[in-house]
Amino acid sequence: MTDKGISPITDILAKSFPQKDVHGAISMPVYITAAFEFETAEEMEDAFLGKNGKHTYTRISNPTVEAFEARVQAVSGAKHVMAVASGMAAISEVFATIAYAGSNIVTSPHLFGNTFSLFFFTLKEFGVEVRFCNLLDINEVKKQIDENTCAVFTEIITNPHMEVADLAALAEVAHQKGVPLIADSTIVPWTTFKAPDFGVDIEIVSGTKYISGGATSIGGLILDYQTFDWTQSKKLKSLAEKTGKRAFQVKFRGEIGRNMGAIMSPQTAFLQNLGLETVDLRFREVCRNCLELALFLQTLPKVKNVNYNGLPSDPFYEISKKQFGGYPGAMLTFCLEDRAACFAFINRVKIIRRATNLFDNKSLIIHPESTIYGTLTPEYKKIVDVPDNMLRLSVGLENVDDLKADILQALN
Ligand SMILES: *Cc1c(COP(=O)(O)O)cnc(C)c1O
């Protein structure tokens with residue numbers, strides 16, 4: 001990789017389309033159809049058995065979605081890519097593939113709100129235990145892993161705590177114990193962050209964020225690097241004995257993805273494919289804006305601790321630089337005097353939008369404690385530990401001086 005990353009618009013990508021369009025369309029057309037028809041019963045049989053690579057039904061596969069997956073695969077270097085309906089569908093289906101009643105997931109309580117809820121409430125009722133620990137403390141992680149651990153899971157920069165675990169160290173303890181490392185890398189796209197260099201086996205991305213090209217659609221991706229030996233997994237062992245490192249892919253494609261049905265729609269795949277072409281450019285630009293705003297916020301007396309890994313004063317500056325090459329995403333948090341000051345700030349912004357979501361082209365502000373974590377009881381709020389005087393800002397592509405002026409006027 002050069003310091004400019006791998007551009008999503010290169011020859012390898014053009015060539016990665018599985019088939020040339022019949023009309024030579026330069027963009028992959030949107031194949032809006034539920035089913036595909038065949039000339040003969042024999043051809044149909046072969047399609048259903050996966051012998052001729054033909055599509056049968058859009059819940060199983062679709063040419064537009066497949067083209068998007070192929071492009072992501074070419075840019076990321078993953079061995080297999082699965083595009084699904086949302087980031088949450090990606091996380092749910094990864095665990096539907098590897099977890100089982102009696103298994104456990106070792107992770108941090110500092111997670112995206114819905115991921116926390118999925119682990120803590122939804123999976124619990126299926127008999128999957130979540131073991132929250134401090135992923136920054138490798139010894140603690142080691143103690144939590146046992147023979148029923150199906151994965152160590154982490155967000156590469158936790159949202160909204162902005163912590164960065166040492167991925168190579170996590171991978172080392174996980175692998176020593178025969179467990180895969182699964183990472184949600186939504187915050188730094190794979191054009192910059194090279195997951196397999198740090199031992200990540202499965203990467204999960206909410207395509208809704210940077211890749212969609214500006215909040216155009218909801219989507220999710222699962223990137224399988226096929227680095228893990230699944231014969232060590234109680235659930236996938238017998239499949240892995242037959243299919244080797246492709247066991248996860250085979251389980252997902254042949255069963256979980258199809259049965260859960262949370263497929264990416266062809267319309268979404270078209271939008272995300274387009275977003276993918278500019279993701280690297282947009283990402284670097286919003287990161288520059290974000291760093292400049294973080295430095296600016298630090299100079300303002302009314303602003304208490306600013307959290308952004310790109311700040312040299314940040315406790316995760318070095319590890320973040322090592323893992324994300326100086327581009328630690330375009331989300332920062334900062335604290336004001338109290339909750340009332342946060343609400344007043346939100347009510348006064350003029351350019352920054354009052355909205356959830358991350359990595360739109362527009363800057364977005366939210367008060368996480370009252371919104372994303374708002375329905376949690378005080379007991380759970382304590383576990384997730386999101387202070388009520390904290391704001392989260394997702395930085396967009398606006399002129400950075402306009403954003404600074406907006407922040408100043410909203411504070412005063
Ligand atoms: C948004 C987000 C998700 C969920 O993605 P959706 O596409 O909204 O389902 C998961 N993880 C992180 C880190 C996110 O920011």
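Shown above is the structure to which this text applies.
Just so it is clear, the structure is predicted and the values come from calculations on it, not from any experiment.

Caption draft 1: Seen up close, the nonpolar core. Membership of the largest hydrophobic core comes to 81 residues, with the highest contact counts inside it found for Leu221, Phe334, Phe345 and Ile407. Both domains that meet at this core, namely domain 1 (8-30 + 61-276) and domain 2 (280-411), each give it at least three residues. In this structure, leucine 221 is in contact with Phe68, Val72, Val81, Met82, Ala83, Val84, Ala90, Trp190, Glu203, Ile204, Val205 and Ile211, ignoring residues within four places of it in sequence. Ranked by size, the runner-up nonpolar core spans 40 residues in total, among them Val94, Phe95, Leu123 and Trp230.

Caption draft 2: Representation of unusual backbone geometry. Of note, the bond from asparagine 159 into proline 160 is cis; its omega dihedral lies within 30 degrees of zero at 5°. The residue proline 160 is located in the loop between strand 4 (149-155) and helix 7 (167-176) in this model. Backbone geometry places phenylalanine 359, a non-glycine residue, at a positive phi of 60°. You can call phenylalanine 359 buried: its relative accessible area is 2%. One non-glycine residue with positive phi stands out, namely aspartate 385, at about 60°. Positionally, aspartate 385 belongs in the loop between helix 13 (378-384) and strand 12 (390-394). For aspartate 385, a relative accessible area of 44% puts it in the partly exposed group.

Caption draft 3: Local environment of the sheet that holds strand 7 (residues 220-224). Taken together, seven strands build an open sheet; the order of strands is 1-7-6-5-4-2-3 and the sheet is mixed. Across the chains shown, the open sheet's two edge strands, defined by having one partner strand only, are strand 1 (80-84) and strand 3 (129-132). Pairs of neighbouring strands in the sheet enclose a mean axial angle of 20°, with direction left out of account. Examined bridge by bridge, strand 1 and strand 7 share five bridges and lie antiparallel to one another. Note on strand 7: the bridge partner recorded for histidine 80 is aspartate 224. The strands that helix 3 (residues 63-76) touches are strand 1 and strand 7; relative to strand 1, the one it contacts most, it runs at about 135°.

Caption draft 4: Region of the structure containing the site of the ligand. Residues in contact with the ligand, as listed here, are Ser86, Gly87, Met88, Phe112, Asn159, Asp184, Thr186, Ser206, Thr208, Lys209, Gly219 and Leu358. One nitrogen or oxygen atom from the side chain of aspartate 184 is found 2.6 Å from a nitrogen atom belonging to the ligand. Between the ligand and the protein, one listed contact pairs an oxygen atom with a side-chain N or O atom of serine 206 at 2.8 Å. For the ligand, the protein covers 89% of the area, taking 380 Å² as the surface of the free molecule. Its residues assigned to classes, the shell around the ligand shows three nonpolar, seven polar and two charged.

Conventions we followed
Residues numbered from 1 in each chain as written. Predicted model: local features only at pLDDT ≥ 70, side-chain atom pairs only at ≥ 80, totals over all residues. Heavy atoms only, no water. Core = buried A, V, L, I, M, F, W, Y, C linked by side-chain atoms within 4.5 Å. Buried < 20%, exposed > 50% of the residue type's maximum accessible area, 1.4 Å probe, protein only. Domains from an automatic or database assignment. Contact = heavy atoms within 4.5 Å. Helix = DSSP H or I, 4+ residues; strand = E, 2+ residues; numbered from the N terminus. Pairing = 2+ DSSP bridges. Axes fitted to C-alpha atoms, helices over the stretch in contact; angles between N-to-C directions. Near = heavy atom within 4 Å. Polar contact = N/O pair within 3.5 Å; in protein donor to acceptor, adjacent residues only side chain to side chain. Areas by Shrake-Rupley, 256 points an atom, 1.4 Å probe, with all protein chains shown as cover. Nonpolar A, V, L, I, M, F, W, Y, C, P; charged D, E, K, R; others polar.

That's the geometry; what it means functionally is another story.
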